[in-house]
Amino acid sequence: MGVLTYTDEQTSPVAPARIFKASILDSHILMPKLLPDGIKSIELIKGDGGAGSIKQINFAGGFAKHQIDEVDEKTFTYKYTLIEGNGISDKIEKVSYDIKFEGSTDGGSISKMTTTIYTHGDFEIKEEELKAGKEKVLGLYKVVEAYLLKNPDAYV
(Lines give C-alpha, C1' and ligand atoms only; values in the text may rest on other atoms or scores of the structure.)
Protein backbone atom coordinates (compact mmCIF):
# COMPACT_ATOMS: atom_id res chain seq x y z
CA MET A 1 0.00 0.00 0.00
CA GLY A 2 1.22 3.46 -0.86
CA VAL A 3 0.46 6.55 1.19
CA LEU A 4 0.55 10.12 -0.10
CA THR A 5 -0.07 13.06 2.26
CA TYR A 6 -0.26 16.74 1.45
CA THR A 7 -1.52 19.84 3.25
CA ASP A 8 -3.23 22.90 1.80
CA GLU A 9 -3.93 26.19 3.53
CA GLN A 10 -6.49 28.80 2.47
CA THR A 11 -7.47 32.14 3.92
CA SER A 12 -10.96 33.59 4.04
CA PRO A 13 -12.50 36.83 5.29
CA VAL A 14 -15.24 34.72 6.94
CA ALA A 15 -14.88 33.90 10.66
CA PRO A 16 -14.08 30.24 11.46
CA ALA A 17 -17.32 29.57 13.37
CA ARG A 18 -19.48 30.68 10.41
CA ILE A 19 -17.59 28.82 7.70
CA PHE A 20 -17.36 25.67 9.87
CA LYS A 21 -21.08 25.63 10.54
CA ALA A 22 -22.03 26.35 6.92
CA SER A 23 -19.52 24.09 5.14
CA ILE A 24 -19.33 21.23 7.66
CA LEU A 25 -22.25 21.08 10.09
CA ASP A 26 -24.96 22.21 7.65
CA SER A 27 -23.39 20.96 4.42
CA HIS A 28 -26.32 18.57 3.90
CA ILE A 29 -28.63 21.60 3.67
CA LEU A 30 -26.42 24.23 2.08
CA MET A 31 -24.41 22.38 -0.59
CA PRO A 32 -27.39 21.01 -2.60
CA LYS A 33 -28.92 24.51 -2.43
CA LEU A 34 -25.76 26.27 -3.66
CA LEU A 35 -24.72 23.62 -6.20
CA PRO A 36 -27.96 21.98 -7.39
CA ASP A 37 -26.52 20.87 -10.73
CA GLY A 38 -23.62 19.04 -9.10
CA ILE A 39 -24.80 17.91 -5.66
CA LYS A 40 -28.26 16.39 -5.68
CA SER A 41 -28.47 15.54 -1.96
CA ILE A 42 -26.46 14.72 1.13
CA GLU A 43 -27.91 12.06 3.43
CA LEU A 44 -26.88 10.66 6.77
CA ILE A 45 -27.18 6.91 6.23
CA LYS A 46 -25.74 5.81 9.58
CA GLY A 47 -25.41 7.55 12.93
CA ASP A 48 -26.29 11.01 14.19
CA GLY A 49 -23.63 13.07 12.37
CA GLY A 50 -20.94 12.51 14.97
CA ALA A 51 -17.90 10.23 14.88
CA GLY A 52 -18.70 6.87 13.29
CA SER A 53 -21.54 8.24 11.17
CA ILE A 54 -21.69 7.65 7.42
CA LYS A 55 -22.75 10.46 5.09
CA GLN A 56 -23.61 9.86 1.43
CA ILE A 57 -23.23 12.66 -1.10
CA ASN A 58 -25.27 12.10 -4.25
CA PHE A 59 -23.81 13.82 -7.31
CA ALA A 60 -25.26 14.20 -10.77
CA GLY A 61 -22.74 11.57 -11.90
CA GLY A 62 -22.43 9.22 -8.94
CA PHE A 63 -22.00 9.26 -5.18
CA ALA A 64 -19.44 9.29 -2.40
CA LYS A 65 -19.65 7.89 1.11
CA HIS A 66 -17.80 9.61 3.93
CA GLN A 67 -17.15 8.07 7.30
CA ILE A 68 -17.02 10.84 9.89
CA ASP A 69 -14.03 10.29 12.15
CA GLU A 70 -14.24 13.44 14.31
CA VAL A 71 -16.34 16.60 14.59
CA ASP A 72 -15.28 19.22 17.14
CA GLU A 73 -17.38 22.39 17.21
CA LYS A 74 -15.10 24.03 19.79
CA THR A 75 -11.87 23.68 17.78
CA PHE A 76 -13.59 23.82 14.35
CA THR A 77 -12.02 20.48 13.42
CA TYR A 78 -13.53 17.90 11.09
CA LYS A 79 -11.98 14.59 10.09
CA TYR A 80 -13.54 12.17 7.65
CA THR A 81 -12.61 9.37 5.30
CA LEU A 82 -13.88 8.82 1.77
CA ILE A 83 -14.68 5.10 1.84
CA GLU A 84 -16.82 4.39 -1.21
CA GLY A 85 -18.00 5.85 -4.52
CA ASN A 86 -16.46 8.54 -6.72
CA GLY A 87 -12.75 8.81 -5.88
CA ILE A 88 -12.39 5.18 -4.77
CA SER A 89 -11.16 2.63 -7.29
CA ASP A 90 -9.09 -0.49 -7.70
CA LYS A 91 -6.08 1.84 -7.32
CA ILE A 92 -7.26 3.99 -4.38
CA GLU A 93 -8.36 2.29 -1.17
CA LYS A 94 -9.47 5.36 0.78
CA VAL A 95 -8.81 9.06 1.24
CA SER A 96 -8.71 10.71 4.68
CA TYR A 97 -9.22 14.42 5.30
CA ASP A 98 -8.31 16.44 8.38
CA ILE A 99 -9.77 19.96 8.25
CA LYS A 100 -9.24 22.71 10.81
CA PHE A 101 -10.46 26.31 10.72
CA GLU A 102 -8.52 28.84 12.79
CA GLY A 103 -9.06 32.53 13.35
CA SER A 104 -6.85 35.01 11.54
CA THR A 105 -5.73 38.42 12.79
CA ASP A 106 -8.13 40.21 10.41
CA GLY A 107 -11.22 38.48 11.83
CA GLY A 108 -11.36 35.93 9.03
CA SER A 109 -10.12 32.37 9.03
CA ILE A 110 -7.33 30.11 7.90
CA SER A 111 -8.39 26.65 6.83
CA LYS A 112 -5.85 23.88 6.90
CA MET A 113 -6.64 20.60 5.19
CA THR A 114 -4.41 17.57 5.29
CA THR A 115 -5.30 14.90 2.76
CA THR A 116 -3.96 11.37 2.97
CA ILE A 117 -4.49 9.06 0.01
CA TYR A 118 -4.06 5.32 0.54
CA THR A 119 -3.35 3.51 -2.72
CA HIS A 120 -3.36 -0.18 -3.55
CA GLY A 121 0.09 -1.56 -4.35
CA ASP A 122 2.63 0.90 -5.68
CA PHE A 123 0.17 3.00 -7.69
CA GLU A 124 1.28 6.63 -7.94
CA ILE A 125 -1.09 9.53 -8.45
CA LYS A 126 -0.14 12.02 -11.14
CA GLU A 127 0.42 15.65 -10.18
CA GLU A 128 -2.35 16.86 -12.50
CA GLU A 129 -4.84 14.49 -10.81
CA LEU A 130 -3.85 15.88 -7.39
CA LYS A 131 -4.21 19.43 -8.66
CA ALA A 132 -7.68 18.71 -10.09
CA GLY A 133 -8.82 17.23 -6.77
CA LYS A 134 -7.48 20.19 -4.81
CA GLU A 135 -9.24 22.63 -7.14
CA LYS A 136 -12.59 20.85 -6.69
CA VAL A 137 -12.36 21.05 -2.90
CA LEU A 138 -11.24 24.69 -3.00
CA GLY A 139 -14.11 25.45 -5.36
CA LEU A 140 -16.63 24.08 -2.83
CA TYR A 141 -15.26 26.27 -0.05
CA LYS A 142 -15.21 29.32 -2.31
CA VAL A 143 -18.90 28.80 -3.13
CA VAL A 144 -19.74 28.65 0.60
CA GLU A 145 -17.52 31.66 1.31
CA ALA A 146 -19.24 33.70 -1.42
CA TYR A 147 -22.65 32.76 0.00
CA LEU A 148 -21.62 33.81 3.52
CA LEU A 149 -20.16 37.11 2.30
CA LYS A 150 -23.35 37.85 0.37
CA ASN A 151 -25.50 36.84 3.37
CA PRO A 152 -23.78 38.33 6.44
CA ASP A 153 -26.62 37.29 8.77
CA ALA A 154 -26.43 33.60 7.79
CA TYR A 155 -24.73 31.20 10.20
CA VAL A 156 -23.91 33.79 12.88
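Residues numbered from 1 in each chain as written. Predicted model: local features only at pLDDT ≥ 70, side-chain atom pairs only at ≥ 80, totals over all residues. Heavy atoms only, no water.

Enquirer: Sorry if this is basic, but what is going on with the packing of aromatic side chains here?
Expert: Geometrically, a pair of aromatic rings is defined through the distance of the ring centres and the angle of the planes. According to the stated counting rule, one finds 5 aromatic pairs in the structure shown. Aromatic side chains tyrosine 80 and tyrosine 97 sit 4.7 Å apart centroid to centroid with 20° between the ring planes, which places their arrangement in the stacked category. Residue tyrosine 80 is located in strand β5 (residues 77–85), and its partner tyrosine 97 is located in strand β6 (residues 92–103); the two are separated by 17 residues in the primary sequence. Grouping residues by exposure puts tyrosine 80 and tyrosine 97 together as buried. Here the guanidinium or amino end of lysine 94 rests over the ring plane of tyrosine 118, the centre of that ring lying 4.7 Å away. (Phe/Tyr/Trp six-rings, centres within 6.5 Å; stacked < 30°, edge-to-face > 60°. Helix = DSSP H or I, 4+ residues; strand = E, 2+ residues; numbered from the N terminus. Buried < 20%, exposed > 50% of the residue type's maximum accessible area, 1.4 Å probe, protein only. Lys NZ or Arg CZ within 6 Å of the ring centre and 35° of its normal.)

Enquirer: Quick question: what am I supposed to make of the environment of valine 71 here?
Expert: Summarising the element assignment, valine 71 is placed in strand β4 (residues 62–72). What makes valine 71 partly exposed here is its relative accessible area of 28%. Taking the C-alpha atoms as reference points, valine 71 and alanine 51, separated by 20 residues in sequence, lie 6.6 Å from one another. Not counting chain neighbours up to four residues away, the residues in contact with valine 71 comprise Phe20, Leu25, Gly49, Thr77 and Tyr78. (Contact = heavy atoms within 4.5 Å.)

Enquirer: What's the story with the environment of serine 96 in this structure? I'm lost.
Expert: Mapped onto the fold, serine 96 is located in strand β6. Using a relative accessible area of 17% as the deciding quantity, one classes serine 96 as buried. Along the primary structure serine 96 and leucine 82 are separated by 14 residues, whereas in three dimensions their C-alpha atoms are 6.2 Å apart. Beyond its immediate chain neighbours, meaning those up to four positions away, serine 96 contacts Tyr80, Thr81, Thr114, Thr115, Thr116 and Tyr118.

Enquirer: Honestly, helix α3 (residues 127–150) in this entry has me stumped. Any pointers?
Expert: The periodicity of an α-helix, 3.6 residues per turn, causes residues three or four positions apart to be oriented the same way. In a regular helix each residue adds 1.5 Å, so 24 residues correspond to 34 Å; α3 covers 34 Å between its end C-alpha atoms and thus fits that length. Those residues of α3 that sit buried are Leu130, Val137, Tyr141, Val144, Glu145, Tyr147 and Leu148. Where α3 is buried, its residues touch β1 (2–12), α1 (16–25), α2 (27–34), β6 and β7 (109–119). (Expected span 1.5 Å × (residues − 1).)

Enquirer: Help me understand the sheet that holds β4, please; the structure alone is not making it clear to me.
Expert: Pairing is antiparallel across the open sheet formed by 7 strands, whose spatial order is β1-β7-β6-β5-β4-β3-β2. The open sheet has two edge strands with one neighbour each: β1 and β2 (39–46). Neighbouring strand axes in the sheet, compared pairwise and without regard to direction, differ in orientation by 20° on average. Strand direction decides the pairing type here: β1 and β7, joined by 11 bridges, are antiparallel. Looking across to β7, one finds that threonine 7 is bridged to threonine 114. Together, β2 and β3 (54–59) form the strand contacts of α2, whose direction differs from that of β2 by roughly 165°. (Pairing = 2+ DSSP bridges. Axes fitted to C-alpha atoms, helices over the stretch in contact; angles between N-to-C directions.)

Enquirer: Teacher, can you tell me more about the nonpolar core here?
Expert: Proteins that are soluble and globular tend to have nonpolar side chains buried together. With 32 residues, the main nonpolar core has Ile99 and Leu148 as its most contacted residues. Of all elements in the fold, only α1, α2, β2, β4, β5, β6, β7 and α3 reach the threshold of two or more residues within this core. When residues in this core are grouped by element, the largest group, 6 residues, is from α3. The residues contacting isoleucine 99, other than those within four sequence positions of it, are Ile24, Phe76, Thr77, Tyr78, Tyr80, Lys112, Met113 and Tyr141. (Core = buried A, V, L, I, M, F, W, Y, C linked by side-chain atoms within 4.5 Å.)

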